[in-house]
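# Close look at the chain arrangement
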Amino acid sequence: MDVDLLRPGTVPIAPDTVLWFEFLLHHDLLLSHLQKPAPDPSPTELIAKFSDAIADTLRNRLETENGEMLIESMHENVKQPAKNIALKILSLKVAAFIKWDLGQIRTLPFKTQVHLLQVLLYFTNDKTTAEIPNIDLKPDESVPSPYLFALVVYHRWLLNVTMHRITSNWQMRLGNTEISPAEENIICSHENVRKTVEFLKSALNWDEVPSMLTFDCFKLPSETNGLEFDWSSAQSISKEEFCAQLNYDLGTFFFYKEDYNLARDHFTKCLSSYKAMKENNGFVKFNIKVLEVYVRACSGDGSKGSLLEQLNTSVVNQFMGITSILQQDNIFREIPLAHRITLELDIQGALSSGTFTVARDLLNKIRALNVVRCVLDRKPTYHCSLKSAEILVWAAEVTCKSLNDADRNLIKKFLLDLVLKNEIPDLLSCVQANETLSKLFDKSELSFIKNRESNDEIPESLHKTSWILYDCFKKRKPKLEIKQLEQDLIATYDHKEIRELLKKISANQLATSVWNINPLWDLPIPIQSVIKSLPRGFLQDFSFVMMAKVREQMLNKVWISSFELLLILDKELGSGNGNIGKLSRLISWEILLVQITQLLEEWPKSTIDKVALADACEACLQTNNESVLPRTEITEHCVLCLLNLGRWEFLINFDKRWPSFEITSAIALACQELIKQKGNKKLSKNLWEIVLPIFGHAPQQSKRGNSGNSVFHDAQAQITNLRNSIMAIFGKLRDSTVLAVVISMLARLHNILKDETSLEVQVDYVMLWPAVISNANSYNMKVAHDVLSQMVTQALQYYPTNIPWLRLMGDINFANGHYNVSLKYYLKSLLIYNDYFNIPVRHDDHVFRRMIKCCIALGCNTQAAVLCQFLEEPDYVLAFRILGDQKYCNDAVDAYYHCIWDTNILEYLIHTHNKRGEYQRRKCATQVIGSLEVNSNNNEEIQREASNLRKSTFLRALCKQYVF
């Protein structure tokens, strides 16, 4: 159980729980606790808990009537309760128990470290107030030994803190033991560090060194005895031990400062003092191995270290002696292989960039030595990059002289494999010429290698993979030739190649009909019928293949190729009567279909002449007395094209002979009424009554049986078919007015079926549709939502900056509980509407209130409270409730305080944080309310400018979180 030892009563107390005051009542309890193998809490945790208890006691005493906290200085001039004095003595006893180990003390919060050292200096200097960093640096002979030791501990601490506060994340900010960065900088200033260095250097020359204060030096006050100290219990320190630790501290400091000469001097003296020590009484707290590494690093001589250290030294010295180091490593294998490969890559990169120049063959030598190391470690080699047999033989020779028989056998097998594969030219001759390596091979192995060498030439035909391979057999394969022609015909879209391939295929008696070559070549029935009625021959086959290619290119959205193929086929047909004339007429409509499809796919940036296209569509629909009529797909595309191009009058007055004309005519009528009446009158119900049935449920059958189920399934199938046909039309709508009409109708229907005022969606023209539906329960709400979402998503695909539709998408996601996505679309609309917040953000209570609800639902309470200011009339009740009931928060909390400009909210924040004891956040809110531009006495222009700046900053931050 995790129990706070210094806060009794916060959790149920276990029988073995030790309360903080028990350490005061039982003097032996602290020592027995610290002597445990793994005391919990640890010594440093105990010091932190004692410090927190002291701070809480002082805070309760210093609180004023209005709840404000007096700022506590570092002085000890406040009369301390006896309990606090006892807790400070306990802290010193714990620090003495750990032998004043600065490594452990630095893990404490910074202010706790400062207070601990102040208390030590205070009690050792006859209760004279000590304020860090204003410490006397010139002790004379009258300075008592305990105070002298306290000064040494303080200056060692300051020196260590100066290094570690920059080089590591050493400072932990816990609870209310905090200190400002400005105070940290003052304590660790350059002047204070200089004085500390001078003090420690002078301490090295002291004739007598102070004794180390121990656990028994500090006595707890009692009822009979006051505050007493037993300095005679201090443990003596030898001169060597004292100088070793201080030299180590100074050496590490100068090493950090990159003054390696001074660091080397102190490290050398430290090592000498350490070797002269007879025993270590606990004052020395460094690792001798680390000290030796420091000495070698400062001396710059890595020749006496390990091979890895020698390698690092060589790298620093421009790779001097690198090959000899790698040769030794091939024998002892101390350097990790990854380091060696990295070295090779570093040299390669430096040479290629021209950073420095080295010997020409250095890189190849390192590669060869690394290859030998890979062979000996039985790792995969990369000898393909080696081109020089001489360098590889050199690397293997210098290593083989010191290897055992097993390793020599590995080298032998590797070289034998290279020779047999003939990957490196002249390798065999180089091996034979080398006295050391030639002894690895006997005469039988060398003769075997020579016999394997041959100059057999591989026939050129074996390198070929094309069909010409079969020519070497002087025997034709007609079936294979036909298959190859058919494959070429399927792959090509060049009309000239198609013409030549068809001629070759038709000349071959074994060829199948072009109609059966590709099962995916499926033409519409009207076109297929007309082509089949053509005379059997080239024209029929050519027409079929060309039309099939047109269909493929349309699916691939290669409009130019589709258009060109149709024109070429039309030119091939020429002018004629009968079936040729019918096919030519059908081709002209297919050209129209390609243009319409291209227009819809490239909307709104298509380069097609829209006026000419609309005229062609009208002419196509007015085809009545001809023997061949356009097929249904083309007429539907013509109607949709006219609807998107604004030819609404034609669609309204046109004869509705096809089913798709009814809904497009109703949409055209609604668009025309909207434009003429400027959105001031209700629209006709034609479109409403056509679309409404697709959201209905099939009627339920009261009787069970096969006939009832059959009727139910038929009704459901009818609704599904109607929905699919209407959605197919909706999917091809592109014009903004047409989309606005359909979306507003679907939004109205969504609100009626949802029947929740707080979740209604808003968009332009939504009020122009009927407000009620009879028997609303018989309609499917989920289908209505899906259709609306699909249409708005489609509209934003073509008009991504349409602000009403972005807000509508936010409303739809809000109604369905997708708050993260809802915020994304609301912020997008604000982003576009306010020019990325470069202009003042305007009031929009509908959007901001829903954004507030989204933030609350996501647990981002601070964001919600900031947004309460954005309303035309700030909602203080809601903001205070959000901030007051805040138990957890998923946002950055006080990081958003600089975005609050309303002083009422800031004052409430200060009060709330003070009540909860959150003093750092209260300090942040106090700094914000104290800024000049937030002053409520400023004129309106300054207040407005301050609010606009904070609005844009906050909304940009939200956009980074939810949008980008």
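Residues numbered from 1 in each chain as written. Predicted model: local features only at pLDDT ≥ 70, side-chain atom pairs only at ≥ 80, totals over all residues. Heavy atoms only, no water.

So, on to the overall build of the protein chain. The helix and strand inventory of the protein chain stands at 43 helices and 0 strands. Residues classed as buried in the protein chain amount to 47% of the 964 residues present. Taking as baseline every contact in the protein chain between residues at least 6 positions apart, the subset at least 24 positions apart corresponds to 66%. Just so you have it, the protein chain exposes about 50200 Å², and 51% of that area is on carbon and sulfur atoms. (Helix = DSSP H or I, 4+ residues; strand = E, 2+ residues; numbered from the N terminus. Buried < 20%, exposed > 50% of the residue type's maximum accessible area, 1.4 Å probe, protein only. Contact = heavy atoms within 4.5 Å. Areas by Shrake-Rupley, 256 points an atom, 1.4 Å probe, with all protein chains shown as cover.)

Taking 1.5 Å of rise per residue, 15 residues should cover 21 Å, and helix α6 (residues 110-124) covers 22 Å from first to last C-alpha, within 8% of that figure. Most of α6 is tucked away, with 13 of its 15 residues classed as buried. (Expected span 1.5 Å × (residues − 1).)

Turning to the packing of aromatic side chains, a few remarks are in order. Summed over the entire model, instances satisfying the criterion amount to 37 aromatic pairs. Between Phe253 and Phe254, the ring centres sit 5.5 Å apart and the planes meet at 65 degrees, which makes this aromatic pair edge-to-face. Classification of Phe253 as buried rests on a relative accessible area of 6%. Look at Phe254 and you get buried, because its relative accessible area is 8%. Grouped by ring-pair contacts, the aromatic residues Trp100, Tyr122, Phe123, Phe149, Phe199, Trp206, Phe218, Phe229, Trp231, Phe242 and Phe283 constitute a single cluster. Here the guanidinium or amino end of Lys93 rests over the ring plane of Phe215, the centre of that ring lying 3.9 Å away. (Phe/Tyr/Trp six-rings, centres within 6.5 Å; stacked < 30°, edge-to-face > 60°. Lys NZ or Arg CZ within 6 Å of the ring centre and 35° of its normal.)

Looking now at unusual backbone geometry. The omega angle of the peptide bond from Trp603 to Pro604 is 5 degrees, so this bond is cis rather than trans. As for its position among the elements, Pro604 is in the loop between α27 (579-602) and α28 (610-621). For Lys557, which is not a glycine, the phi torsion comes out positive at approximately 60 degrees. As for its position among the elements, Lys557 is in the loop between α25 (538-555) and α26 (559-573). In this model, Asp835 sits at a positive phi of 55 degrees, which is unusual for a non-glycine residue. Turning to its location among the elements, Asp835 is positioned in the loop between α37 (819-833) and α38 (845-857). A relative accessible area of 44% places Asp835 in the partly exposed class.

Put simply, helix α13 (residues 307-316) and helix α14 (residues 322-332) touch, their axes get as near as 10 Å, and they point 160 degrees apart. With respect to their mutual orientation, α13 and α14 come out roughly antiparallel. At the point where α13 passes α14, the crossing takes the left-handed sense. Here α13 contributes Leu307, Gln310, Leu311 and Ser314 to the contact with α14, which in turn contributes Ile322, Ile325, Leu326, Gln328, Asp329 and Phe332. In the contact of α13 with α14, the residues fall into 6 nonpolar, 3 polar and 1 charged. (Axes fitted to C-alpha atoms, helices over the stretch in contact; angles between N-to-C directions. Parallel < 35°, antiparallel > 145°, perpendicular 65-115°, else oblique. Left-handed = near helix turned anticlockwise from the far one by under 90°. Nonpolar A, V, L, I, M, F, W, Y, C, P; charged D, E, K, R; others polar.)

Counting residues in each nonpolar core, the largest one holds 117 residues, and the members touching the most others are Phe695, Phe730 and Trp805. Counting residues per element, this core draws most heavily on helix α34 (residues 736-754), at 12 residues. Setting aside residues up to four positions removed in sequence, Phe730 forms contacts with Ile663, Ile667, Val691, Val742, Met745, Met791 and Gln794. (Core = buried A, V, L, I, M, F, W, Y, C linked by side-chain atoms within 4.5 Å.)

Counting across every chain of the model gives 22 salt bridges. The partner of Arg373 in a salt bridge is Asp329, and the shortest N-O contact between them spans 2.4 Å. Here Asp329 lies in helix α14 and Arg373 lies in helix α16 (residues 362-376), a separation of 44 residues in the sequence. Neither Arg373 nor Asp329 differs from the other in exposure class; each is buried. Here Lys782 ties to Asp786 by a salt bridge, and the two come within 3.1 Å at their closest N and O atoms. With Lys782 and Asp786 both in helix α35 (residues 781-798), this residue pair falls 4 residues apart, about one helical turn. (Salt bridge = Lys/Arg side-chain N within 4 Å of Asp/Glu carboxyl O.)

Here Phe23 is to be found in helix α1 (residues 22-25). Take Phe23: its relative accessible area is 1%, and that puts it in the buried class. Along the sequence, Phe23 and Leu87 sit 64 residues apart, while their C-alpha atoms lie 9.0 Å from each other.

Averaged over the protein chain, the pLDDT score is 81; the fraction of residues at 70 or greater is 84%. Below a pLDDT of 50 lies the segment residues 1-11, which in the model reaches 18 contacts outside its immediate sequence neighbourhood of four places, other chains included. Taken together, the stretch residues 461-474 has pLDDT below 50 and engages in 6 contacts with residues farther than four places along the chain or on a different chain. (pLDDT = per-residue confidence, 0-100.)

What follows covers the side chain of Ser829. With respect to the helices and strands, Ser829 occurs in helix α37. Look at Ser829 and you get buried, because its relative accessible area is 0%. Within the structure, the side chain of Ser829 is placed 2.6 Å from the backbone oxygen of Tyr826, a separation counted as a polar contact. In this structure, Ser829 is in contact with Ile803, Leu806 and Arg807, ignoring residues within four places of it in sequence. (Polar contact = N/O pair within 3.5 Å; in protein donor to acceptor, adjacent residues only side chain to side chain.)

So, about the environment of Glu873. Looking at the secondary structure, you find Glu873 in the loop between α39 (861-867) and α40 (876-884). The exposure class assigned to Glu873 is exposed, which follows from its relative accessible area of 62%. Expressed as a C-alpha distance, the spacing of Glu873 and His843, which sit 30 residues apart in the sequence, is 9.6 Å.

Quick look at the packing of helix α10 (residues 239-256) against helix α12 (residues 288-299) now. The relative placement of two packed helices is expressed as an angle between their axes plus a distance between the axes. As a packed pair, α10 and α12 sit with axes 12 Å apart at the nearest point and diverge in direction by 45 degrees. The angle between α10 and α12 falls in the class oblique. By crossing handedness, the relation of α10 to α12 is classed as left-handed. Residues Tyr248, Thr252 and Phe255 of α10 pack against Val290, Leu291, Tyr294, Ala297 and Cys298 of α12.

This brings us to the environment of Ser91. Within the secondary structure, Ser91 sits in helix α4 (residues 82-97). Of the residues examined, Ser91 reaches a relative accessible area of 7% and is grouped as buried. The contacts of Ser91, once residues within four sequence positions are left out, are Ile47, Phe50 and Leu116.

Here we take up the state of the cysteines. Counted by the stated rule, this structure contains 0 disulfides. Counting only cysteine sulfurs, Cys270 is the nearest neighbor of Cys243, a cysteine outside any disulfide, at a range of 9.9 Å. As a non-bridged cysteine, Cys868 has Cys855 as the owner of its nearest cysteine sulfur, 9.5 Å distant. (Disulfide = S-S within 2.5 Å.)

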